[in-house]
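# Chain and residue survey
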Amino acid sequence: MPTESGSCSAARQAKQKRKSHSLSIRRTNSSEQERTGLPRDMLEGQDSKLPSSVRSTLLELFGQIEREFENLYIENLELRREIETLNERLAAEGQGIDGAELSKGQLKTKASHSTSQLSQKLKTTYKASTSKIVSSFKTTTSRAVCQLVKEYIGHRDGIWDVSVARTQPVVLGTASADHTALLWSIETGRSLAKYTGHVGSVNSIKFHPSEQLALTASGDQTAHVWRYAVQLPAPQPVADSSQQLCGEDEVECSDKDEPDADTDPSSECPTIRAPLTSLKSHQGVVIAADWLVGGKQAVTASWDRTANLYDVETSELVHSLTGHDQELTHCCTHPTQRLVVTSSRDTTFRLWDFRDPSIHSVNVFQGHTDTVTSAVFTVGDNVVSGSDDRTVKVWDLKNMRSPIATIRTDSAINRINVCVGQKIIALPHDNRQVRLFDMSGVRLARLPRSSRQGHRRMVCGSAWSEDHPVCNLFTCGFDRQAIGWNINIPALLQEK
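Residues numbered from 1 in each chain as written. Predicted model: local features only at pLDDT ≥ 70, side-chain atom pairs only at ≥ 80, totals over all residues. Heavy atoms only, no water.

Under the annotation held in an unreviewed UniProt entry, the protein chain carries the name WD repeat-containing protein 37 and is attributed to Muntiacus reevesi. The record in UniProt for the protein chain states the following under Function (unreviewed entry): "Required for normal ER Ca2+ handling in lymphocytes. Together with PACS1, it plays an essential role in stabilizing peripheral lymphocyte populations." One UniProt comment on the protein chain, placed under Subunit (unreviewed entry), says "Forms homodimers. Interacts with PACS1. Interacts with PACS2." (UniProt positions renumbered as here; feature names shortened; annotations may be inferred.)

## So, the overall build of the protein chain
Of the regular secondary structure elements, the protein chain holds five helices and 30 strands. Counting the 496 residues in the protein chain, one finds 44% classified as buried. The long-range fraction of contacts in the protein chain, counting pairs at least 24 apart against all pairs at least 6 apart in sequence, stands at 54%. Split by element, the accessible area of the protein chain, about 26,300 Å² in all, is 50% carbon and sulfur. (Helix = DSSP H or I, 4+ residues; strand = E, 2+ residues; numbered from the N terminus. Buried < 20%, exposed > 50% of the residue type's maximum accessible area, 1.4 Å probe, protein only. Contact = heavy atoms within 4.5 Å. Areas by Shrake-Rupley, 256 points an atom, 1.4 Å probe, with all protein chains shown as cover.)

## Re the pattern of salt bridges
Tallied over the entire structure, the rule returns seven salt bridges. The salt bridge involving Asp161 is made with Arg415; its shortest N-O contact spans 3.7 Å. You can see Asp161 sitting in strand E2 (residues 159-164) and its partner Arg415 sitting in the loop between strand E23 (405-408) and strand E24 (417-419), a full 254 residues away along the chain. The pair Asp161 / Arg415 is uniform in exposure class, with both members buried. A salt bridge links Glu211 to Arg227, with the shortest nitrogen-to-oxygen separation between them at 3.6 Å. Placement of Glu211 in the loop between strand E6 (202-207) and strand E7 (213-218) and of Arg227 in strand E8 (residues 222-227) is noted, with a sequence separation of 16 residues between them. With relative accessibility at 37%, the residue Glu211 sits in the partly exposed group. (Salt bridge = Lys/Arg side-chain N within 4 Å of Asp/Glu carboxyl O.)

## Description of the UniProt feature "repeat: WD" (unreviewed entry) in the protein chain
Per the UniProt record, the feature "repeat: WD" (unreviewed entry) sits at residues 152-194, 195-226, 279-320, 321-362 and 365-405. Annotation note: span residues 195-226, helix share 0%, strand share 56%, distance between end C-alpha atoms 8 Å.

## So, the confidence of the model for the protein chain
Looking at the protein chain, the pLDDT average stands at 79 and 72% of residues meet or exceed 70. Low confidence marks residues 96-111, where pLDDT is under 50. Its contacts with residues over four positions away, or in another chain, come to five contacts. Note on residues 238-245: pLDDT is under 50 here. Beyond four places in sequence and across chains, it has 19 contacts. (pLDDT = per-residue confidence, 0-100.)

## Structural notes on the sheet that holds strand E21 (residues 382-387)
The strand order E20-E21-E22-E23 describes an open sheet built from four strands, whose pairing is antiparallel. Bordering the open sheet on either side are strand E20 (372-377) and E23, each of which pairs with just one other strand. Each strand axis lies, on average, 15 degrees off the axis of its neighbour in the sheet, ignoring direction. Sheet analysis places strand E22 (residues 391-396) next to E23, joined by four bridges and oriented antiparallel. Paired with Lys393 across the two strands is Thr406, which belongs to E23. (Pairing = 2+ DSSP bridges. Axes fitted to C-alpha atoms, helices over the stretch in contact; angles between N-to-C directions.)

## Re the pairing of strand E4 (residues 181-184)
Side-chain direction in a regular strand flips from residue to residue, so the side chains alternate between the two faces of the sheet. On E4, burial covers both faces: Ala181 and Leu183 on one face and Leu182 and Trp184 on the other are all buried. Where strand E3 (residues 172-176) meets E4, four bridges bridge the pair, whose relative direction is antiparallel. Within the sheet, the bridge partner assigned to Gly173 lies in E4 and is Leu183. Between the end of E3 and the start of E4, which pair antiparallel, lie four residues, with His179 showing a positive phi angle near 75 degrees. In this sheet, strand E5 (residues 191-195) lies alongside E4 in antiparallel orientation, the contact comprising four bridges. Across the sheet, residue Trp184 finds its bridge partner in E5, namely Ser191.

## Describing the packing of aromatic side chains
Overall, the coordinates contain nine aromatic pairs when judged by the stated rule. Ring geometry for Phe349 against Phe365: centres 4.5 Å apart, planes inclined by 10 degrees, an arrangement best described as stacked. Residue Phe349 is located in strand E18 (residues 348-356), and its partner Phe365 is located in strand E19 (residues 359-366); the two are separated by 16 residues in the primary sequence. Between Phe365 and Trp395, the ring centres sit 5.6 Å apart and the planes meet at 80 degrees, which makes this aromatic pair edge-to-face. Here Phe365 is found in strand E19, whereas its partner Trp395 is found in strand E22, with 30 residues between them in sequence. The exposure class assigned to Trp395 is buried, which follows from its relative accessible area of 0%. Here a set of aromatic residues connected by ring pairs shows up, and it is made of Tyr195, Phe207, Trp226 and Tyr228. (Phe/Tyr/Trp six-rings, centres within 6.5 Å; stacked < 30°, edge-to-face > 60°.)

Take a look at the structure:
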């Protein structure tokens, strides 16, 4: 029996593959045409296990998507006709130039100018078309008005943390890698006091719940408690020129230069050089610190993998909280109960309970796959955690097994903050963005960032001030500035 050579066999197999591939393509196209040809009423009449309300919502959404693509298709057809018209015009201009016997240099200049005009027109049309179709898929249930009110410029290095005083006078506090902490007038943007007691980077700042005291954590392995006395200047009128609708329609623009380091407005304000109390016992960088309810005790988190609880009046160490396997990144206290939450690079955060003096229980929350950069308390029994794994999770303290909501983003999350009254989560990102979500994970807004406003480098932290009439959100970043925003979400407020 004759046998085929290897080359003939391979050629036949390749031919059969091409034939079967072409047949499969024809079948696919035919089935797609049949599917697209089905009328809407036939789709609605098909049996489905989905509830009727969900099914109708899906049909409506698919209808919206179909209309958007139809509009885009029509715009593309118009764009093609316009391109053909421009090409014909260019060809006609080229003939006129040849008839006039212009020099080669003039011809090249004329053609280059016309080509650049065509290229710019194509780019503009393309951006407009893609912006329309992309924005149509984003959340439009609530339109947030985000207005940049004031910029606070005076630090010589990046700002790690920002906080708002809880007593009168209400001032803004910033902690910076330039070894200082500054207090600011929220209305005028002027620096009111500078604290220079640390010899390392100031990593966090928190205000006492009832007194004019500030708590700062530093890279010098200490936390300081210091007293301030400031007098607020007369407020200045705020212009409305920076107001923007920022639900999701803000424009990405190029970066601009950072604040000028040669000018130091904080050099004119009073300087506080020594603390009232210095909390010492850590063997590594103190990355964060916070007041326990009542203000008589404070908790610190360190890179030595421990968190310490101190008596502020005596500076004595009350408890050393151990258990994390890697460096701590943040700590936060409950506003009304003796609860502490610590986060770590070991991908976990822990809940420490000091409500019973005889029992100090701890619960471990596991759910992230990378460093937990911060975990904060919200209203009720919820905790919100953010991570370098680009997710934010909302947890119920009564059920640690799984989060009740998960927010997935496109960049690592830094120190988050929650507006308790409106239940809004502010997410500062490594990619210079700040996004706002509600507690159920619905995206509400993204703060505007352009060449004229917003952060130009990594956004490190945020803080809400619900009672302030002008600014109710503050952000800070490694571009050496803090920014005060006015956030208004009417649809959300009406629902609440």
